[in-house]
Amino acid sequence: MLEELNSLIYTAESINVYTEGKAVNYRHGAEEYRVVMDGWKNLTYSAYEMPAFGVALNNETLEEMKRGRWVEFCFNTTVSHNGMPFEKLLFELHFGYSGFNLVRYSGLQGYSGRCFYISLIDKNMDDFVNLIGNL
């Protein structure tokens, strides 16, 4: 389950939502921040963390972020999970997806390196995608 990773995510200082490359930031304490975190809790309830299928490459990730919708949890310091440090966690939203990569960001390497993979159990991202689209 995701208790350890979620305990870090819930400490995020802010959340960025990217739509077609344009970012909107929601700081801790804002109503939108709470809505996103509640949606994350519902999305990941009973989900599992699994080994990621690949690694992220910074330049490719930056190009992909210009299309579609993405959510990013931003931390005010470097945190670590499973021995992998990060300052931000990014993921892309897709209707129908029942699993997704959380891409790690660090100031030294950008969006490069191993990811965390989240496998949703008996559900998909649809409700969360709709929630983000209605912010």
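This structure is a prediction, so every number in the text was calculated from the model and none was measured.

Reading guide: rules and limits
Position numbers for residues start from 1 in each chain and track the written sequence from start to end. Residues qualify for local features only when their pLDDT is at least 70, as the model is predicted, and side-chain atom pairs are given and counted only at 80 or more; totals for whole chains, interfaces and linings, by contrast, use all residues. Only hydrogens and water are removed before side-chain values are computed, so all heavy atoms of the structure are retained for them. Helix and strand definitions here come from DSSP, where helices need a minimum of 4 consecutive H or I residues and strands a minimum of 2 consecutive E residues; each element is numbered from the N-terminal end. Only when DSSP finds a minimum of two bridges between them are two strands counted as paired. Only the stretch in contact is used when a helix axis is fitted, and all axes are lines through C-alpha atoms; the angle between N-to-C directions ranges over 0 to 180 degrees. Two residues form a contact once any of their heavy atoms are found within 4.5 Å. Each residue gets one of three labels from its accessible area relative to the maximum for its type: buried under 20%, exposed over 50%, partly exposed in between, using a 1.4 Å probe on protein chains only.

K.L.:
Help me understand unusual backbone geometry, please; the structure alone is not making it clear to me.
P.N.:
Among all residues except glycine, the phi angle is most often negative; among peptide bonds, the trans geometry is most common. Positive phi values are uncommon outside glycine, yet Glu-20 reaches one of about 50°. Mapped onto the secondary structure, Glu-20 falls in the loop between β1 (14-19) and β2 (22-27). With a phi close to 50°, Asn-82 is a non-glycine residue in the positive phi region. Assignment of secondary structure puts Asn-82 in the loop between β4 (69-81) and β5 (84-92).

K.L.:
Could you clarify how one ought to interpret the sheet that holds strand β6 (residues 99-105) in this entry?
P.N.:
Strand pairing in a sheet is mediated by backbone hydrogen bonds. Such pairs are either parallel or antiparallel. Taking strand neighbours across the sheet as the criterion, the seven strands line up as β2-β1-β4-β5-β6-β7-β3 in an open arrangement whose pairing is antiparallel. The sheet is open, and its two borders are formed by β2 and β3 (48-56), each paired with just one other strand. Neighbour-to-neighbour, the strand axes of the sheet open up by a mean angle of 30°, direction not taken into account. Summarising the sheet, β1 and β4 pair through six bridges and their orientation is antiparallel. Across the sheet, residue Ser-14 finds its bridge partner in β4, namely Cys-74. Packing of helix α2 (residues 31-44) onto the sheet brings it into contact with β1, β2, β4, β5 and β6, and relative to β1 it is tilted by some 85°. Where helix α4 (residues 126-133) meets the sheet, its contacts fall on β1, β4 and β5, and the angle it forms with β4 comes to roughly 95°.

K.L.:
I tried to follow the environment of Ile-132 on my own but got confused; where do I start?
P.N.:
As for its position among the elements, Ile-132 is in helix α4. Assessed through its relative accessible area of 4%, Ile-132 is described here as buried. Counting along the chain gives 113 residues from Ile-132 to Thr-19, while the straight-line C-alpha distance between them is 10.0 Å. Residues contacting Ile-132, with those up to four places away along its chain left out, are Val-17, Val-36, Arg-69, Val-71 and Leu-93.

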